[in-house]
2 protein chains.
Amino acid sequence: MKPSIPKGTRDFLPLEMARRNYIFNTIKDVFSRYGFSQIETPAMENLTTLMGKYGEEGDKLLFKILNSGDWAGGLTDEEMLAKNSVKLTNRVSEKGLRYDLTVPFARFVVQHRDQIQFPFRRFQIQPVWRADRPQKGRYREFYQCDVDIIGTDSLLCELELIQIVQDVYAALGINVCLKLNNRKILAGIAEIIDEPDRLIDITVAIDKLDKIGLENVEKELLEKGLTQDKIDALKPVLLLEGSNEQKLNSLRTILAESEIGLKGVEEVAAILNYCRQTAVELNIELDLTLARGLNYYTGAIFEVKALDVEIGSITGGGRYDNLTGIFGLKDVSGVGISFGADRIYDVLTQLDAYPQSLQATTQILFIPMGEQEQLFALQCVKQTREKGIAAEIYPELGKMKKPMNYADQKHIPWVAIIGENELQNQSGMLKNMTTGEQKMVSVGEIVEYCK
Amino acid sequence: MKPSIPKGTRDFLPLEMARRNYIFNTIKDVFSRYGFSQIETPAMENLTTLMGKYGEEGDKLLFKILNSGDWAGGLTDEEMLAKNSVKLTNRVSEKGLRYDLTVPFARFVVQHRDQIQFPFRRFQIQPVWRADRPQKGRYREFYQCDVDIIGTDSLLCELELIQIVQDVYAALGINVCLKLNNRKILAGIAEIIDEPDRLIDITVAIDKLDKIGLENVEKELLEKGLTQDKIDALKPVLLLEGSNEQKLNSLRTILAESEIGLKGVEEVAAILNYCRQTAVELNIELDLTLARGLNYYTGAIFEVKALDVEIGSITGGGRYDNLTGIFGLKDVSGVGISFGADRIYDVLTQLDAYPQSLQATTQILFIPMGEQEQLFALQCVKQTREKGIAAEIYPELGKMKKPMNYADQKHIPWVAIIGENELQNQSGMLKNMTTGEQKMVSVGEIVEYCK
């Protein structure tokens, strides 16, 4: 029996874990400085919570948990013989695995509304599961890392998320640009071409502009039933050029007749103004083709791209005015972004930008040569750990080759060999594993070297 | 629609999360100082990996994932009409949720044996899922926190785990005692009463001595087919009294004829000797009734109890000589323990022993009174965060009551109100939320106060 794991899932070995922890800890540090609190929700949610929230395709991609016990016993012969997987699923499964952190968060806010303080600033870092076809860079289990402020429509929240993006990527050493749009501007555009009900078709299509090009987007809009003259009217808006300021000015003219469109323009202008006031250095670009294919955004839409690596969006989000409405709590506005930990991992790997120190989980390995030496080494390792230094004692006596190999492969920077001579001097032969230099020093000095 | 979560699962709100993180971080810090590396495995494992590893009862308690797509389409009419849930499960489910961290770890070691260095020192902190009937203190999703050294039979590893127990509970401020036993001693006892094949029956029964009492254990052993004279022969061993040293001496006599029994005695003696040599202060008690009902232990068995709170075991583990054998890698000895995070949480709650600082995720809230003040407050909050202090700006303008309430309920220790007067002086009215004292100070001074 050759052990394996389900396709699309991963084991994380020590170095991968250290790198992932580095990413998560960097992000958490920034979140904490901005006063966000962490929450967690269960891996399993009731299917009534999850179904219908991610579209028909999403319903299929949910991992469903088989009911416990005699789940088949209560089914009728008719149901069984029909072999209708969709219908039977409703009868044999009540729970599913979390598909994202957004819907569980909405459920959480409604369920605990009396225990939390609004505006509620939360972050959440947990795995999600999707029964997608696995492919390069796409997994069936992956972490999401969401930060949201819910319960206020203040645009200061948009500013804070932009500042967080800036701080996180500065700390990680990744050059990024942030693309900014506003759903209200898109709504305004749909309005001025007199197709307000087509907003979703239009945004879904233009979201693909980057990927499939203008020609294919036009084709798609034609297929959706938009006339050629409407599409022509759209084009200048989509291909708007110039600085953010120039784009906003053009939009003020184009959208002069659309109240919602102008509101979107002024929201973007206010956010950019806050950024100037607080000296945000991030490269921010107003990009009207940005729609993120998600229907629940109602205001700002964000997307972050790495500048030095060819990869998709590494962070994204936006403002939503009715996330909790599906669970019965209306008119709660919020805004949030999600950091794509797996993609950030790939970016840092490609840039080779991880701190060197992540390689070594242990600073020093003590290698005693005999039983008396072992007892002394136990004192040494204890004292070293008490100083907060990660230390090990090689647990077996014998040839030097094994422990030296072990230290080498684990990238342990220092070893201290303790033989008869060192024992007599109550010291260790400290070896620098990088340079090969060695010298006999006391325990106290060993600690100093390892610091 | 009233939102809810599956029974036996939990949401963690900010304060609970902060407390859980405090426990996990304390444990992780100790693990790291001892040179352990973190790994993670997927939530879902193939059912071939999980089934048959936890006994018949365990198989039932595994959460199984329904296959994706048309899972019912390929089943025969006969299968469907039989409605045999156990057989059908094999046909409609290939994956299950992790039931513990031990079996996935064994699978991991075998699968990645060429990528890891032995002795492999790993820790793993992840949730596990069991379809147990939920009750007080028992959940269907809970975290395990395991630390193991695999690939050596050196008793120094047992010492290190004992040191880790001491360090973790000292850091958390929980008084504990550690109970120690050795499976080889139990085997020796079964041998001298001439029932070597009954070892498992005997250990499972005596494991219950604490819970059901001597009389009921005797009854159970009789039911299992042990004769009364054998049970009588067992009794003096089980009810052994005195210091660890006295118990070991008695056992040396009792087990004189059992090679394996004596080996167990000498292992315990060696571990206790290492503890003395390294000045372990932990209260360690040799307890022959300790068996932990787990069949895979082959040497040391550990269990840790909190002294000041009535609760079961909060940490436990032992040595196993063939954990990876089920996945085809024989003769790899390891030893490990598992910290029960949920129970530790309950102990700290009952002792009221959490650091006060966990209450506040934000150190200071800036409250601007108008738009100009807001722009100045944005500078202040930025500078405060740059000093590593968790800071917020209240995002909405208006009455003082809302932000003051917010600060109060979030246990934010400081607020800085910025009105016209403060703006003119480029300062803030800093208020200590505990004492109510307030005074006008500059941003630089605010940072100093909050530190």
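Here, every reference points to the structure presented above.
Only a predicted model underlies this, so the values are computations on that prediction, with no experimental measurement involved.

**Some words on the overall build of chain A**
Then, in step 1: Counting secondary structure elements, chain A contains 18 helices and 16 strands.
Then, in step 2: Expressed as a percentage of its 451 residues, the buried residues of chain A come to 58%.
Then, in step 3: Sequence-distant contacts, at least 24 apart, represent 67% of the contacts inside chain A between residues at least 6 apart.
Then, in step 4: Positive and negative charge centroids in chain A, built from 53 and 64 side chains respectively, lie 4 Å apart.

**Details of the side chain of Gln144 of chain A**
Residues and elements named next belong to chain A.
Then, in step 1: Tracing the backbone shows Gln144 in strand 6 (residues 141-150).
Then, in step 2: Judged by its relative accessible area of 12%, Gln144 falls in the buried class.
Then, in step 3: A polar contact is formed between the side chain of Gln144 and the backbone nitrogen of Leu101, at a distance of 3.2 Å.
Then, in step 4: Here Gln144 is in contact with Asp100, Leu101, Gln124, Ile125, Gln126, Val128, Arg130, Ser338 and Phe339, once residues within four sequence places are set aside.

**Here we look at the sheet that holds strand 5 (residues 120-129) of chain B**
Residues and elements named next belong to chain B.
Then, in step 1: With respect to topology, eight strands assemble into an open sheet ordered 1-5-6-11-10-9-7-8, the strand pairing being mixed. Looking at the sheet topology across the chains shown, the edges are occupied by strand 1 (37-38) and strand 8 (283-286).
Then, in step 2: Bridge count for strand 5 against strand 6 (residues 141-150) is 10 bridges, and the pairing is antiparallel. Counterpart to Trp129 in the pairing with strand 6 is Glu141.
Then, in step 3: Where helix 1 (residues 14-33) meets the sheet, it contacts strand 1, strand 5, strand 6 and strand 11 (334-339), and its direction lies at approximately 5 degrees from that of strand 6.

**Thoughts on the relation of the copies chain B and chain A**
Then, in step 1: When chain B is brought onto chain A, the operation consists of a screw motion whose angular component is 180 degrees and whose axial shift is 0.0 Å, with 0.1 Å RMSD remaining. Given the turn and translation reported, the copies of this chain are related as if by a two-fold rotation axis. The rotation axis passes nearest to the C-alpha of Ile65 of chain B in chain B, at a distance of 2.3 Å.
Then, in step 2: A share of 100% of the interface residues of chain B reappears at the interface of chain A, consistent with the copies meeting face to face through the same patch.

**Quick word on the pairing of strand 15 (residues 427-432) of chain B**
Two faces belong to every sheet, and in a regular strand the side chains alternate between them.
All names here are of chain B.
Then, in step 1: In terms of burial, strand 15 is a largely internal element, five of the six residues being buried.
Then, in step 2: Bridge analysis of strand 14 (residues 414-418) against strand 15 gives four bridges, and the strand direction is antiparallel. Residue pairing across strands places Trp414 opposite Asn432, the latter belonging to strand 15.
Then, in step 3: Bridge count between strand 15 and strand 16 (residues 438-442): five bridges; the pairing is antiparallel. The residue bridging Ser427 from the neighbouring strand is Ser442, located in strand 16.
Then, in step 4: Hairpin geometry of strand 15 and strand 16 is characterised by an intervening segment of five residues between the two adjacent antiparallel strands and by a positive phi of about 85 degrees at Gly436.

**Quick notes on the interface of chain B and chain A**
Then, in step 1: Contact residues are listed per partner, giving 103 residues for chain B and 103 residues for chain A.
Then, in step 2: Regarding the contact of chain B and chain A, the summed buried area is about 9,000 Å², with carbon and sulfur atoms giving 59% of it.
Then, in step 3: It is Arg33, Lys83 and Arg385 of chain B that lose the most area in chain B upon contact with chain A, and together they represent 7% of the buried surface on that side.
Then, in step 4: Connecting chain B to chain A are eight salt bridges.

**Remarks on the pairing of strand 14 of chain B**
Residue and element names in this part refer to chain B.
Then, in step 1: Counting buried positions over the five residues of strand 14 gives five, a clear majority of the element.
Then, in step 2: Here strand 14 shows two buried faces, one formed by Trp414, Ala416 and Ile418 and the other by Val415 and Ile417.
Then, in step 3: Where strand 12 (residues 364-368) meets strand 14, five bridges bridge the pair, whose relative direction is parallel. Bridged to Pro368 within strand 14 is Ile418.

**A short note on the sheet that holds strand 9 (residues 300-306) of chain A**
Residues and elements named next belong to chain A.
Then, in step 1: Strand order in the open sheet formed by eight strands is 1-5-6-11-10-9-7-8, with mixed pairing between adjacent strands. The two strands at the open ends of the sheet, each matched to only one other strand, are strand 1 (37-38) and strand 8 (283-286).
Then, in step 2: Docked against the sheet, helix 1 (residues 14-33) engages strand 1, strand 5 (120-129), strand 6 and strand 11 (334-339), running at close to 5 degrees with respect to strand 6.

**Concerning the environment of Asp210 of chain A**
Residue and element names in this part refer to chain A.
Then, in step 1: Structurally, Asp210 can be placed in helix 10 (residues 209-223).
Then, in step 2: On a C-alpha basis, the gap between Asp210 and Thr289 in space is 7.8 Å, while along the polypeptide they are 79 residues apart.
Then, in step 3: In contact with Asp210, not counting residues within four places along its chain, are Lys179 and Lys305.

**Section: the packing of helix 1 of chain A against helix 14 (residues 341-351) of chain A**
Residue and element names in this part refer to chain A.
Then, in step 1: Contact geometry for helix 1 and helix 14: axes closest at 10 Å, N-to-C directions at 115 degrees. The angle between helix 1 and helix 14 falls in the class roughly perpendicular. Here helix 1 and helix 14 pass one another in a crossing that is right-handed. Touching Glu16, Arg19, Arg20, Tyr22, Ile23, Phe24 and Ile27 of helix 1 are Ala341, Asp342, Ile344, Tyr345 and Leu348, all from helix 14.
Then, in step 2: Along the lines of polarity and charge, the residues of the contact of helix 1 with helix 14 split into eight nonpolar, no polar and four charged.

Basis of the calculations
- Residues numbered from 1 in each chain as written.
- Chains lettered and ligands numbered in written order.
- Predicted model: local features only at pLDDT ≥ 70, side-chain atom pairs only at ≥ 80, totals over all residues.
- Heavy atoms only, no water.
- Helix = DSSP H or I, 4+ residues; strand = E, 2+ residues; numbered from the N terminus.
- Buried < 20%, exposed > 50% of the residue type's maximum accessible area, 1.4 Å probe, protein only.
- Contact = heavy atoms within 4.5 Å.
- Lys, Arg positive; Asp, Glu negative; His and termini not counted.
- Charge placed at Lys NZ, Arg CZ, Asp CG, Glu CD.
- Polar contact = N/O pair within 3.5 Å; in protein donor to acceptor, adjacent residues only side chain to side chain.
- Pairing = 2+ DSSP bridges.
- Axes fitted to C-alpha atoms, helices over the stretch in contact; angles between N-to-C directions.
- Least-squares fit on C-alpha atoms with pLDDT ≥ 70 in both.
- Buried area = accessible area lost by both parts, 1.4 Å probe.
- Salt bridge = Lys/Arg side-chain N within 4 Å of Asp/Glu carboxyl O.
- Parallel < 35°, antiparallel > 145°, perpendicular 65-115°, else oblique.
- Left-handed = near helix turned anticlockwise from the far one by under 90°.
- Nonpolar A, V, L, I, M, F, W, Y, C, P; charged D, E, K, R; others polar.

From the geometry alone we can't say anything about function, so treat these as descriptive.
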